[in-house]
Amino acid sequence: MVRKIFHGTGNVMKWYTRKGDSGRTHIIGGRVRKDDVRVEAYGTIDELNSFVGLAEAALRRTDGLGDIADELAGIQQELFDCGSDLAYAENPEIFKMGTEPVERLERRIDELDREAPPVTRFILPGGSEPAALLHVCRTVCRRAERRVVTLAAEYPVNGAVLQYLNRLSDWFFVAARAANARLGAADAEYARGAAVFRRRESDDPGK
């Protein structure tokens, strides 16, 4: 919670409350330890949102990636919705996340995937700075998903949040590959691995 202190005719907003020094924090329903599973879940989503902002800033500086940067801006809003839904888990009437964002991600995953060459080996983060940052987002997104799975084992959660995080990590993967393809940068491949992925049917000239 943010405390406001007023001085004279103006006001000064205090960003510290002196209430969290004991390792506990306030959530809807009471006070819990700061490493409570619910705090871990929406705290990791908040961490992911910070990395998404960093990636967006980098993509804004890079020609040809403006549309992906625009999508990242929208994803930041949806991640905040996810955190809100986890905080209000006992009041589903005010959930903000539904199926539409998941369906939109799936459509974009298919579109962006067509921009990059077929995957034949395991992909490592890299190739270009924008792609590397998107891979950072992907790995943090996976951790956020794990934290929400842990939360869901103990408390009710909005299932759309789990679906969204799962699809979002896939979106980060294909967006990173599309960014490399647009920039003429090759994906970084795991050199000591064999070719393990089949070609997509759409890449087979006989189909």
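Refer to the structure presented above.
In this report, we go over the structure that sits alongside the text. (Residues numbered from 1 in each chain as written. Predicted model: local features only at pLDDT ≥ 70, side-chain atom pairs only at ≥ 80, totals over all residues. Heavy atoms only, no water.)

## Let's talk about the overall build of the protein
So, point 1. Scanning the protein from terminus to terminus reveals 5 helices and 6 strands.
So, point 2. Ordered by position from N to C terminus, the α and β elements of the protein give β-β-β-β-α-α-α-β-α-α-β.
So, point 3. Expressed as a percentage of its 207 residues, the buried residues of the protein come to 36%.
So, point 4. Here the contacts in the protein between residues at least 6 apart in sequence split such that 70% fall between residues at least 24 apart. (Helix = DSSP H or I, 4+ residues; strand = E, 2+ residues; numbered from the N terminus. Buried < 20%, exposed > 50% of the residue type's maximum accessible area, 1.4 Å probe, protein only. Contact = heavy atoms within 4.5 Å.)

## Considerations on the state of the cysteines
So, point 1. Taken as a whole and assessed by the stated rule, the structure comprises 0 disulfides.
So, point 2. C137 takes part in no disulfide bond, and the closest cysteine sulfur to it belongs to C141, at a distance of 8.6 Å.
So, point 3. When its relative accessible area of 0% is taken as the criterion, C137 is described as buried.
So, point 4. Under the relative-accessibility criterion, C141 is labelled buried at 0%. (Disulfide = S-S within 2.5 Å.)

## Here we look at a nonpolar patch on the surface
So, point 1. Taken together, the side chains of F122, L124 and Y190 define a hydrophobic patch exposed on the protein surface, amounting to about 280 Å² of accessible area.
So, point 2. With respect to the helices and strands, F122 occurs in the loop between α3 (100-113) and β5 (123-124).
So, point 3. By relative accessible area, F122 is classed as partly exposed at 47%. (Patch = residues over 30% accessible without salt bridge, like charges linked within 9 Å, V, L, I, M, F, W, Y side chains within 5 Å. Areas by Shrake-Rupley, 256 points an atom, 1.4 Å probe, with all protein chains shown as cover. Salt bridge = Lys/Arg side-chain N within 4 Å of Asp/Glu carboxyl O.)

## Considering the environment of V157
So, point 1. Mapping V157 onto the fold places it in the loop between α4 (129-152) and α5 (159-183).
So, point 2. Taking the C-alpha atoms as reference, V157 lies 8.7 Å from P92; in sequence the two are 65 residues apart.
So, point 3. When residues no more than four places from it in sequence are discounted, the contact partners of V157 are L86, L151 and A152.

## What to know about the environment of I68
So, point 1. By the secondary structure assignment, I68 is in helix α2 (residues 66-87).
So, point 2. Taking the C-alpha atoms as reference points, I68 and A179, separated by 111 residues in sequence, lie 8.4 Å from one another.
So, point 3. Not counting residues up to four positions away in its chain, the partners in contact with I68 are L59, L112, W171, A175 and R182.

## Section: the nonpolar core
So, point 1. Counting 41 residues, the largest nonpolar core has L134, L168, W171 and F172 as the members making the most contacts within it.
So, point 2. Those elements that place two or more of their residues in this core are α1 (37-60), α2, α3, α4 and α5.
So, point 3. For this core, the element with the most residues is α5, which contributes 12 residues.
So, point 4. The contact partners of L168, leaving out residues within four places of it in the chain, are L48, I75, L79, L105 and C141. (Core = buried A, V, L, I, M, F, W, Y, C linked by side-chain atoms within 4.5 Å.)

## Quick word on the packing of α2 against α5
So, point 1. Relative to each other, α2 and α5 sit at 165°, their axes nearing to 12 Å. In terms of orientation, α2 and α5 fall into the roughly antiparallel class. Two packed elements cross with a definite hand, and for α2 against α5 that hand is left-handed. Listed contacts from α5 to D67, I68, E71, L72, I75, E78, L79, C82, D85 and L86 of α2 are V161, Y164, L165, L168, W171, F172, A175 and R182.
So, point 2. Split into classes, the residues belonging to the contact of α2 with α5 amount to 13 nonpolar, no polar and 5 charged. (Axes fitted to C-alpha atoms, helices over the stretch in contact; angles between N-to-C directions. Parallel < 35°, antiparallel > 145°, perpendicular 65-115°, else oblique. Left-handed = near helix turned anticlockwise from the far one by under 90°. Nonpolar A, V, L, I, M, F, W, Y, C, P; charged D, E, K, R; others polar.)

## Focus: the pattern of salt bridges
So, point 1. Per the counting criterion, the structure on display carries 14 salt bridges.
So, point 2. A salt bridge links R60 to E56; its shortest N-O distance comes to 3.1 Å. Highlighted residues: R60 and E56, both in helix α1, separated by 4 residues, approximately one helical turn.
So, point 3. Of the residues examined, R60 reaches a relative accessible area of 43% and is grouped as partly exposed.
So, point 4. The buried category is assigned to E56, whose relative accessible area is 15%.

## A closer look at the packing of aromatic side chains
So, point 1. By the definition in use, this model includes 1 aromatic pair.
So, point 2. With centroids separated by 5.4 Å and ring planes inclined at 70°, the aromatic side chains of W171 and F172 adopt a geometry described as edge-to-face. We note that W171, like F172, is buried. (Phe/Tyr/Trp six-rings, centres within 6.5 Å; stacked < 30°, edge-to-face > 60°.)

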